[in-house]
Structures are given as structure tokens and as C-alpha cells.
Amino acid sequence: MFLKKSNFFSKISIKILLWYSAIFISNAIFLFLLAYFIVSATLRDKESTSISLEMEKILLDVQKYGISNINKHISHKEKEDFFIEILVKDKPVYINDNFKKLQPESKIIAKAKLKNTFFTIKSNERTFKFQPYKTNDLMIIVGKDVAGTEELLEKFREIFFGMILFTMLLGIIGGLIALRKILLPIKSITQTAQYIINTGKLNERIKVENTQDEFYELSIIINKMLDKIEVLVKSLKETIDNVAHDLRTPLTRIKITSELALSDQSKLNPKEALLSCLDESDKILTLLNAIVDISQIETGSLRLNIEKIQLKKLIDDVIDLYDYVIEEHGINLYVKCDENIFVYGDFNRLRQALSNLMDNAIKYNKPNGKISIKAFLINNNVCLFIQDTGIGIDNKDLPYIFERLYRADKSRSKQGLGLGLSLVKAILKAHEAKVRVRSILNCGTIFCIIFRH
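Here the structure is a predicted model, which is why all the values come from computation and not from measurement.

Visitor: Help me out: how do you make sense of the confidence of the model for the chain in this one?
Guide: A low pLDDT means the predicted coordinates there should not be read in detail. Averaged over every residue, the pLDDT of the chain is 81; the share at 70 or more is 89%. Across the chain, the secondary-structure element scoring lowest on mean pLDDT is helix α1 (residues 2-10), at 48, and the one scoring highest is strand β10 (residues 381-388), at 94. The low-confidence segment residues 1-6, where pLDDT is below 50, has zero contacts with residues more than four positions distant or belonging to other chains. Per-residue pLDDT stays below 50 along residues 409-413; that stretch engages in seven contacts with residues further than four places along the chain or on separate chains.

Visitor: Explanation requested: the pairing of strand β2 (residues 91-95) in the structure shown.
Guide: Moving residue by residue along a regular strand, the side chains alternate between the two faces of the sheet. Pairing of strand β1 (residues 82-88) with β2, which is carried by four bridges, proceeds in the antiparallel orientation. Counterpart to Leu87 in the pairing with β2 is Pro92. The hairpin formed by β1 and β2 contains two residues between the paired strands, and Lys89 there has a positive phi angle of roughly 55 degrees.

Visitor: Teacher, can you tell me more about the sheet that holds β1 here?
Guide: Sheet strands pair by backbone hydrogen bonding; their relative direction is either parallel or antiparallel. Spatial ordering of the open sheet is given by β2-β1-β5-β4-β3, a layout of five strands whose pairing is antiparallel. With one partner strand each, in any of the chains shown, β2 and β3 (119-123) form the two edges of the open sheet. Adjacent strand axes in the sheet meet at a mean angle of 25 degrees when their direction is disregarded. Relative to strand β5 (residues 138-145), β1 runs antiparallel, the two sharing seven bridges. Bridge pairing links Val88 to Leu138 in β5.

Visitor: Looking at this structure, how should I read the environment of Ile449?
Guide: By secondary structure assignment, the location of Ile449 is in strand β12 (residues 444-452). The spacing of Ile449 and Val382 is 67 residues in sequence and 8.0 Å in space, taken between C-alpha atoms. Those residues in contact with Ile449 that lie beyond four places of it in its chain are Leu354, Leu357, Val382, Cys383, Leu384, Leu428, Lys434 and Val435.

Visitor: Explain the sheet that holds strand β9 (residues 370-378) here, please?
Guide: A sheet is described by the order of its strands in space; here five strands give the open sequence β7-β9-β10-β12-β11, paired in mixed fashion. Of all the strands in the sheet, the pair left with one neighbour each is β7 (332-336) and β11 (434-440). Strand after strand, the sheet turns through a mean of 15 degrees between neighbouring axes, direction not considered. Bridge analysis of β10 against β12 gives eight bridges, and the strand direction is antiparallel. Looking across to β12, one finds that Phe385 is bridged to Cys448. Where helix α9 (residues 311-328) meets the sheet, it contacts β7, β9 and β10, and its direction lies at approximately 175 degrees from that of β7.

Visitor: Mind showing me how you'd approach the pattern of salt bridges here?
Guide: For side chains bearing opposite charge, pairing can occur when the charged atoms are close. Enumeration over the complete set of coordinates arrives at twelve salt bridges. A salt bridge links Lys312 to Asp316; the shortest N-O distance between them is 3.3 Å. One end of the pair is Lys312 and the other is Asp316, both in helix α9 and four residues apart, which spans about a single turn. Look at Asp316 and you get partly exposed, because its relative accessible area is 30%. As a salt-bridge pair, Lys363 and Asp359 come within 3.4 Å of each other at their nearest N and O atoms. Separated by four residues within a single helix, Lys363 and Asp359 lie in helix α10 (residues 347-363), roughly one turn from each other.

Visitor: I'm lost on the side chain of His431 in this one. Help?
Guide: Topologically, His431 is positioned in the loop between α11 (420-430) and β11. Reaching out from His431, the side chain makes a polar contact with the backbone nitrogen of Asp346 at a distance of 2.9 Å. Within the local environment of His431, its side chain forms a polar contact with the backbone oxygen of Ile427, the two atoms lying 2.8 Å apart. Beyond its immediate sequence surroundings of up to four residues, His431 is in contact with Leu304, Ile306, Tyr344, Gly345, Asp346, Arg349 and Leu350.

Criteria and cut-off values
- Residues numbered from 1 in each chain as written.
- Predicted model: local features only at pLDDT ≥ 70, side-chain atom pairs only at ≥ 80, totals over all residues.
- Heavy atoms only, no water.
- pLDDT = per-residue confidence, 0-100.
- Helix = DSSP H or I, 4+ residues; strand = E, 2+ residues; numbered from the N terminus.
- Contact = heavy atoms within 4.5 Å.
- Pairing = 2+ DSSP bridges.
- Axes fitted to C-alpha atoms, helices over the stretch in contact; angles between N-to-C directions.
- Salt bridge = Lys/Arg side-chain N within 4 Å of Asp/Glu carboxyl O.
- Buried < 20%, exposed > 50% of the residue type's maximum accessible area, 1.4 Å probe, protein only.
- Polar contact = N/O pair within 3.5 Å; in protein donor to acceptor, adjacent residues only side chain to side chain.

Spelled out as C-alpha cells, the structure:
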């Protein structure tokens, strides 16, 4: 039972409701108390002022007419409204009818002797307020019935407590309404997440209302995250399918070659069979290494040895790797790069990226074609252009050429894994560089790499 209660109060909805209700009710109580104290202070101050004015009037009359003639100068209205007693050496010289009715009269006089300011006394179930004035021999006591004021304040207190109960109810109802509005986006997020977990359908999205608040921004971000996850999962499935397909061929060849080599009737040379198996194993290893490299770069787990690199030296190093192949294919190579152009990055990884682009430029070029490599400083960025006069890339394939294991129709006739451009993009992204491509079918392709200078 305790555990259920604990879980109940641990819910954020209950916490929000309690906090909202507590704040709302506390503010309401504070405002009611403030209003009560202002009203009560105003009414009581008014009564005190009235008594003080009467006291001043009596004092003036005493000074002007003397004690013996004071009775003639106190009006009938004053006698009805106020309670007045004048004493000289503790002997009453004047007492009006109202004061005589108070019980006990001696208690009022005794308290007046002790007090120097206003005091209240209850008599006959009514409340009276008095002000004493004392000199050596003279003591004047002036009072007034303030029961009406106290009754009014009592009614105000009753209304106040009734309003408190109403405010508490209003606070809870308002809290529930506000809570429902606040938690509606959270409920939508929870339902969407639960639906995806139960069905495995990543195409489900949170319903977003254009409230422009924090929940709106959160829903937008979660939807974008789901978009990214959907793309990654789809890419992962396609990658697994493509890897399985690309591994099937070399593994089948290895199996067939091995079976033929082991067969007694086979005329296959064991050494040739081993070389064939080794060649197919190298293809598998190259495929797996490329996939691992791309994954490490994309996840940021691959450490880069960043250094200042002379771009021309990097280009020359790549050309040296393909010098023989370029000459064999009869390709005309043109290079333009100033020796004062530098970039920051990992020399080996950038060489790997440029080598893949150079390999494609040679592999898909026309006989006696051309390759142009140019580097410029443009808008404080280093721009490297690699252009060929090869078969080009169809417009429908351009959006997908950087995806893993993607191979355009025309490139399937050439030997390759479909990972070269994926690796290029991953390496350049790790260097905070960008790669752009433009191509015209049967005319050629140009890749542009943009380094931050």
C-alpha cells in the first residue's frame, strides 16, 4: 500500500498539480489576508479617530467652562453615541447614562488607570473601545460601542473562509485543466514511442501542434531524430544486404576453388587454387576494412593526426601512386596548385580520400582521356577540383553515390566495392571539409573539395 502511494506521488503530473494548486491557493490566501487587514485597520482606525476627536472636544470644554459646567456643554447626541466619565481625584464628577449601563463600571476605571492608549472591554456580550486621558488629579474616559465594526469584520472572516474553500476547489480544477494541456504533448510523445517499440515501425511521428513552446521544439527535435534513426536503420539494412551479397560471391569462389583443389579428378594446380583463394580473401578483407574505417570515422572513434599539410605535396604523393596506371591508360594529367596553399588534417587519411577520387577518375575515364587537378583559395577557403572526361554519372544516381555499397548501373561493369565515395565523404567530414559533385553523362565528372583555410 505504501509503495502504491509512493508511486502515486512520484508522478510528475501529481507533482505539477500539487505545486500549481499550492501556489494558486497560497497567493489567494495572501491576497484575502491582505484585504482583511486593510479593511479591519481602516475600520478600527476610523473608530479610534472618532473617540480621539470626542476626547479633544471634551478637553477643550473642560478648559473653557470648567469641570462643574461640563454637563451643560455635552450634547444629547454625544451622550447617546459615546460612553463618558470624568473623575477628579478618583471621584466621578460626570458620568453619562451609557457609561452607567456598563457592567462592571469599576473594571473599566481600573483598566483605564493602567492604560495610556486605547483598550477594549467586552460587556453584555458587546465590545467597547475606550481612550483614557490622565493628569495628576483629572482622568477622562471616552468610549464607544464598536460591536458593529467587529460584527462586520466577523462576517468578512466568514466570507473569507468560504472564499478560501472555493479558491482551493478552483485551484484544483484549474490545475487539472492546466495539467491536461501541459501533459498532452508528453502523452503524445509517450504513445508514439510505445507504438514504435511495439510495432517496430519507424515511420510513425509525433503529432505536432504549432504552439511555439518548449514542447513544440521538443516534438520537432524528436521527429527529426526519428527521421535520422529511420534513415540510419534503413541504411544499415541495405548495408547488411549489400555486404551479404558482395561477400557471397568471393566466398562461393573460395568454396568452389577449394573443393576443386581437393578433388582427386581435378586438374587444378593447388598453388593456383591457393592464389585464387588468397585474392578473394583480400577482396573480403578490403571490403570489411573499408566498412570499419567508415564506421570509425563517422562515430568519431578514429583518431586523426592533424598537421599542417602542403596541398601540392599531398597531390604529388597521390599522383606518384597512380603514375604507372595513368601512363598505361594514356590519360593526360594536368595539375595546377600553388606551393603556398596549405590545409590542416591527417596526411594519410586525406591521401586515402584523394586516392579514391583519382582511382575513379582513371577507372571510369575514356581511353586517352583527361584528368585535371586544380587548387585555389576562394573566399578564404581552399577549393580542390578533380575533373575527368569519363562516362559521367546519371542525374538519378548523383544523390546516392556517397551511400555505402551504392553502385550506379554503368559502374557495375567495373571492379569495385561501392565504398570508395562513402569513405571519401566520411574522411572529409571528419576534417570538417565538404565535397560537391557535378556530372554530365558521357562528358565527365568534377569533384570539388572545400577545406576551411
